[in-house]
Amino acid sequence: MITVALPKGRIAEDTLEIFKNIFTQDFSFESRKLILEQHGFRFLLVRNQDVPTYVENGAADIGFSGEDTLKEQGARVTKLLDLGIGKCQVVVGMKKGEVLDPRLPEIVVASKMVNIAKDYFDSKGMSVKIVKLYGSIELAPLVGLCDAIVDIVETGTTMKENGLEPVATIMESSVKMFANRESFIQKRTEILELKQQIKKVLEA
Ligand code: PRP
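This is a predicted model, so every value here is computed, not measured. (Residues numbered from 1 in each chain as written. Predicted model: local features only at pLDDT ≥ 70, side-chain atom pairs only at ≥ 80, totals over all residues. Heavy atoms only, no water.)

### Digging into the domain arrangement of the chain
Once the domains are mapped, the chain shows domain 1 (2-86 + 174-203) and domain 2 (88-173). On a C-alpha basis, the centres of domain 1 and domain 2 stand 29 Å from each other. Listed by partner, the interface residues are seven residues for domain 1 and eleven residues for domain 2. Scanning the region where domain 1 abuts domain 2 turns up zero salt bridges. On the surface where domain 1 and domain 2 come into contact, there are six residue pairs in polar contact (both at pLDDT 80 or more). Considering every element that reaches the side of domain 1 that touches domain 2, the biggest residue donor is helix H3 (residues 67-73), with four residues. Split by residue class, the side of domain 1 that touches domain 2 holds no nonpolar, three polar and four charged. (Domains from an automatic or database assignment. Contact = heavy atoms within 4.5 Å. Salt bridge = Lys/Arg side-chain N within 4 Å of Asp/Glu carboxyl O. Polar contact = N/O pair within 3.5 Å; in protein donor to acceptor, adjacent residues only side chain to side chain. Helix = DSSP H or I, 4+ residues; strand = E, 2+ residues; numbered from the N terminus. Nonpolar A, V, L, I, M, F, W, Y, C, P; charged D, E, K, R; others polar.)

What follows is the structure, given as structure tokens:
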């Protein structure tokens, strides 16, 4: 049995679609259920940010989540495959026309990705105060909660509709398949076989 942690929403749906393709059978969670056992797999439906935690701690053998989430959580896992889906960028966003002024004594940045944000401004040698938020990040600079945000941009629509624009790109992200380090030793053959099957479906 291989336990697979999936992030609720689009990525879980897309990943289950890949499993459907590989094994030519339906993989779908019953309403409200958080565990699905099928065809030698046990799927866990978890919050996006929690996927690396389940895998790192061995509650799941493998997981699927964005590179951004892996980086933010500092997950110690074995990366296996870039699925090339869920592509997005982590950017610094500001009100249209504004620029990052490195001479400011301190810049206030709102984000749900506090570690990525902190690392970025540290690497630029800029003093930063991070305000942790849980969503609707684009609102924060509009009401004076911060000077800039660090957030995900997929189509760019949310920023644009709220009068913001990216001023710097921190990283590119897409969905990665990764494994618990111990599981990758114990269940290496099965995990590598699954990786190959997924790769085949993606390349088809
Ligand atoms: C994400 C992200 C942006 C938006 C970007 O938000 O935080 O707000 O998607 O997508 P776009 O570039 O295609 O407009 P999410 O939907 O996860 O909501 P939340 O952060 O407000 O919870």
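### Overview of the sheet that holds strand E11 (residues 175-179)
Read across the open sheet, the six strands follow the order E2-E3-E1-E4-E11-E5; overall the sheet is mixed. Either end of the sheet is taken by a strand with one partner, and the two such strands are strand E2 (35-38) and strand E5 (78-82). Adjacent strand axes in the sheet meet at a mean angle of 25° when their direction is disregarded. Note that E2 and strand E3 (residues 41-46) share four bridges and pair antiparallel. Among the inter-strand pairings, glutamine 38 is bridged to a residue of E3, identified as phenylalanine 41. Most of the contacts of helix H7 (residues 188-203) go to E5, to which it runs at about 20°, and overall it touches strand E1 (2-7), E3, strand E4 (62-66), E5 and E11. (Pairing = 2+ DSSP bridges. Axes fitted to C-alpha atoms, helices over the stretch in contact; angles between N-to-C directions.)

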